[in-house]
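Each chain, written out:
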Amino acid sequence: MSGPRAIGRPHGQLAQPSRRHLVLRGLIGQWAALVAVAVLVAVVTAAGAAAPRLTTALLDADLVHTVDSASPAYRDLSGAVQPDPLSALAQLDAQTASFAQTWTSVPSLLQRVRTDAPRAVRRVLDRGHVAASAAGVAPPGRPTPNGFAATGPRGGVHEQTAYRIQTSPELRAAGRLVAGHWPHVQTGIGDGTVLQVVASRATVRAMHWRVGRRQDLVDVGGDRYPVRLVGVFVPRHPGSGLWSQDPNRRTPSTMFLPDGTPVLHGSVFVDAATWPAIAPAIGGTTVQVWFGLHVDRLDEASVPAVRQALTRMLADPTPVDATSGDQRTLLLGTFLPQLLALHEERAAASAAVLALSATGPLGVAGVTLLLAVTGLLARRRAVRALLRDRGAGAGALAGGVARDLAVASVPGAALGALAAVLAIPVGGWDWTPAALAAAAAPPALAAVVALAEVLGQRRRRPLLPRFRWVAEALVVAMAVGATAVVAQRAAAPTGGARPVDAFVTVTPLLLAAALVVLLLRVRPRLARLVVGLVRRRGAAAFVGTAEDVRSGPTAGWVLATIVGATSIAVTAGVVVTSAAAVDLPVDGRTRGVDTHPLVGGLVVVVVAGLVLSAAMTAAAIALTVVSAAPVRQRRGAMLRTLGLTGRQRTAVTLWELGPRVLLGLVAGVVLGLAAVVAVVPAIVPRTADHAVAVLTVDPLATTATVGLLALAAVLATLAAVVVDRRRSGVTDGRDDT
């Protein structure tokens, strides 16, 4: 040996590889398995991080849809500045002076109300709007009039007509003049003064009124007020607050007198500066105010604060600053709390369904990741045993395998979290728990396995079998207890939306785990019974079922995957179909809005979760095939030596994998249909008569759900068959089928 590195080295002594070189060589030797673990970690992280963000996005969208579907007259915070009914009104001149002060103080009043409002409400309200309307002054003992009777222009409509005189400081900004001019400021009414008014184009056309023509408006007391149409406008935005608060401002409507006579009602507008001088004489001293709602600023997180703040704001009237004895107060009201309550009831049911549907793919993905990690560790068991023989301690072994798995899990978790954040750009740091858990779980599991191997070598009797009965009994007890709690809470009456109950989400998983425990206990006996039944059906059936009986804990994990995915998918499907047949109770104030108990887009999310569960189920079966590849290859060689053909060896694989897949699907369907008895009443809101929701099972949807999972399992099984046939062909160098 020559060269600089050989100087001073005894002849024949080989160079010892560095620790870094050994670590790198170990990672390269298992790169394929590490990539598989990284992909699974990325999928688990993406699903876990996307679930809460997707729930937030759907609930926020439903909140905006629910509130926006209601008319602004219902959702806006509106009210009126009106005289105190207990205060005595002075003479007309005093009323005029007092109302002028009130009219000029309303804008500052709105600013004060908005400034004093809690931040949760202030951020969703605009700066406020003012309008006023007059329909005449009723004599004592007469009902409040609906408008001024109109003499009608010459050549006008034949039916009776009536008008309300209105004004708003924002009229010129909210309307676009199409004919004539805006009314001028006037200082009074009566004594021959002709009011200048404008009206909407729809009103003018319906009344057959033209610019420049005059007619008289007569109140119920017989007083006449001449008016002249000086301009025509069209609303710039017909859905804005001024026009939506009172649709009659832009479009006339027909009302009927007690004797059935139709009266066509419209609105005319005077200049806002004219209103203080004429309002007391024509009965217009009540000022309408409202705060427009910025619906796009509402989000799910702010709903409780908004409801609480609205309750405080609506509890007491706000006094108006006035120096005269004509005391006035601002009374605010809105139907927004009813809309928010409707959304909260729908959001509670939808969040529970989303959480339930997410447990299926997340649970299956977790089991699949567990299979991948344990398979990788099994392949390196001999290496760890050699290291133990050479004096490696438990800490070094655990740290080494944890380091190897962290190389795959940390980048996988980062990529999965990044994908979830980019795909659903809402929410804050809610992706962090899923990313940390997915990144830490594989290294932690690997370290535990390495430590268990060291402890198992030191003990004569393994620890796991001694505590298996305790763990299984605990799982069954937890499933029974959770089911009882869910059933009890579902039967209890509620006064509104049910909060998302963790027991409702966990119960299907616990029931699946309990059923798997029972199946694993009775499965050997069932398998032996099947072996006895198929003994006469040929060697392939006998050998395949016998191999299924001798399969290790990996078969139990596959069974758990299929049972969990199928049962939760069936349960989620029945919950959705049962909720589709229910309408949330509404009253006259919220009638017309969406009353479906689930948010839009939820069905798509449930189907996406089902597809992910099917993909993870197929991956779990594929991992079991890969991990058992050496055993299956040796078995294939032995069967070939015994004279079994390639077709018979394929049948052996089918008989080995088929029964556990079929058992998992059947058990999952039965469990899913049984679990809905407790889950559906706890999730689906009650009907208007407070009756519990009826279980509605859609045979087509249930069949499609089971069919998709069965298809995934069949494809994974066929892939195993193809792999076995190829390896068998490589081994013997010929196709003996």
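Summary of the structure given here. As the structure is a computational prediction, the values presented were derived from the model and not from experiment. (Residues numbered from 1 in each chain as written. Predicted model: local features only at pLDDT ≥ 70, side-chain atom pairs only at ≥ 80, totals over all residues. Heavy atoms only, no water.)

Tallied over the full model, the rule gives 8 aromatic pairs. Taking 5.7 Å as the distance between ring centres and 75° as the angle between the ring planes, the aromatic pair formed by phenylalanine 233 and phenylalanine 269 counts as edge-to-face. Of the two residues, phenylalanine 233 sits in strand S8 (residues 224-235) while phenylalanine 269 sits in strand S10 (residues 262-269), which places them 36 residues apart along the sequence. Taking the relative accessible area as the measure of exposure, phenylalanine 233 reaches 0% and is therefore buried. (Phe/Tyr/Trp six-rings, centres within 6.5 Å; stacked < 30°, edge-to-face > 60°. Helix = DSSP H or I, 4+ residues; strand = E, 2+ residues; numbered from the N terminus. Buried < 20%, exposed > 50% of the residue type's maximum accessible area, 1.4 Å probe, protein only.)

The axes of two packed helices give the description: the angle between them and the distance between them. One way to put it is that helix H18 (residues 553-580) packs onto helix H19 (residues 602-627) with a least axis distance of 10 Å and a crossing angle of 170°. Judged on the interaxial angle alone, H19 and H18 are roughly antiparallel. Together, Thr554, Val558, Thr561, Ile562, Ala565, Ala569, Ala572 and Val576 of H18 and Leu602, Val603, Val606, Leu610, Ser613, Thr617, Ala620, Ile621 and Thr624 of H19 make up the contact between the two elements. Residue composition of the contact of H18 with H19, grouped by class: 12 nonpolar, 5 polar and no charged. (Axes fitted to C-alpha atoms, helices over the stretch in contact; angles between N-to-C directions. Parallel < 35°, antiparallel > 145°, perpendicular 65-115°, else oblique. Contact = heavy atoms within 4.5 Å. Nonpolar A, V, L, I, M, F, W, Y, C, P; charged D, E, K, R; others polar.)

Take a positive patch on the surface next. On the surface, a cluster of positive charge is made up of Arg176, Arg201, Arg205 and Arg236. Residue position: arginine 176 is located in strand S5 (residues 175-180). Overall, arginine 176 belongs to the partly exposed group, its relative accessible area being 42%. (Patch = residues over 30% accessible without salt bridge, like charges linked within 9 Å, V, L, I, M, F, W, Y side chains within 5 Å. Areas by Shrake-Rupley, 256 points an atom, 1.4 Å probe, with all protein chains shown as cover. Salt bridge = Lys/Arg side-chain N within 4 Å of Asp/Glu carboxyl O. Lys, Arg positive; Asp, Glu negative; His and termini not counted. Charge placed at Lys NZ, Arg CZ, Asp CG, Glu CD.)

Attention now goes to a nonpolar patch on the surface. Taken together, the side chains of Leu654, Leu711, Val714, Leu715 and Leu718 define a hydrophobic patch exposed on the protein surface, amounting to about 430 Å² of accessible area. Take the nonpolar patch: its biggest share by element is 4 residues, from helix H22 (residues 699-732).

This part is about the nonpolar core. The biggest cluster of nonpolar side chains holds 60 residues, and the ones touching the most others in it are Ile165, Trp209, Trp275, Ile282 and Val289. Here this core takes 6 residues from helix H4 (residues 92-116), the largest share from any one element. Ignoring any residue separated from it by four or fewer positions in sequence, one finds isoleucine 282 in contact with Ala134, Ala135, Gly136, Val137, Phe148, Ile165, Ile189, Tyr225 and Trp275. Listed in part, the 40 residues of the second largest apolar core include Ala402, Leu405, Ala408 and Ala447. (Core = buried A, V, L, I, M, F, W, Y, C linked by side-chain atoms within 4.5 Å.)

The subject of this paragraph is the pattern of salt bridges. A side chain with one charge can pair with a side chain of the opposite charge if their charged atoms come near. Inspection of every chain in the model, using the stated rule, returns 10 salt bridges. Where aspartate 216 meets arginine 224, a salt bridge forms, and the shortest distance between an N and an O atom there is 3.4 Å. The class for aspartate 216 is buried, based on a relative accessible area of 18%. With a closest N to O distance of 2.8 Å, glutamate 472 and arginine 521 form a salt bridge. Residue glutamate 472 is found in helix H15 (residues 464-491), and its partner arginine 521 is found in helix H16 (residues 502-534); the two are separated by 49 residues along the sequence. Relative accessible area serves as the criterion here: at 9%, glutamate 472 is assigned to the buried category. Note on arginine 521: relative accessible area 24%, which makes it partly exposed. One connected set of salt bridges, linked through shared partners, spans Arg164, Asp246 and Arg249.

Looking now at the environment of leucine 623. Residue position: leucine 623 is located in helix H19. Judged by its relative accessible area of 22%, leucine 623 is partly exposed. As for leucine 623 and alanine 36, which are separated by 587 residues in sequence, their C-alpha atoms are 9.8 Å apart. Setting aside residues up to four positions removed in sequence, leucine 623 forms contacts with Leu40, Thr368, Leu371 and Ala372.

This part takes up the pairing of S8. The buried fraction of S8 is high, at 10 of 12 residues. Pairing between S5 and S8: 5 bridges, direction antiparallel. From the neighbouring strand, arginine 176 faces S8, where its bridge partner is valine 234. Sheet topology places strand S6 (residues 195-200) next to S8; 6 bridges connect them, and they run parallel. (Pairing = 2+ DSSP bridges.)

Another aspect to go through is H18. Between its first and last C-alpha atoms H18 spans 41 Å; for 28 residues at 1.5 Å apiece the expected length is 40 Å, and the two agree. The element H18 is extensively covered by neighbouring structure, given that 22 of its 28 residues are classed as buried. (Expected span 1.5 Å × (residues − 1).)

Note that all results are geometric; they support no functional claim without further evidence.
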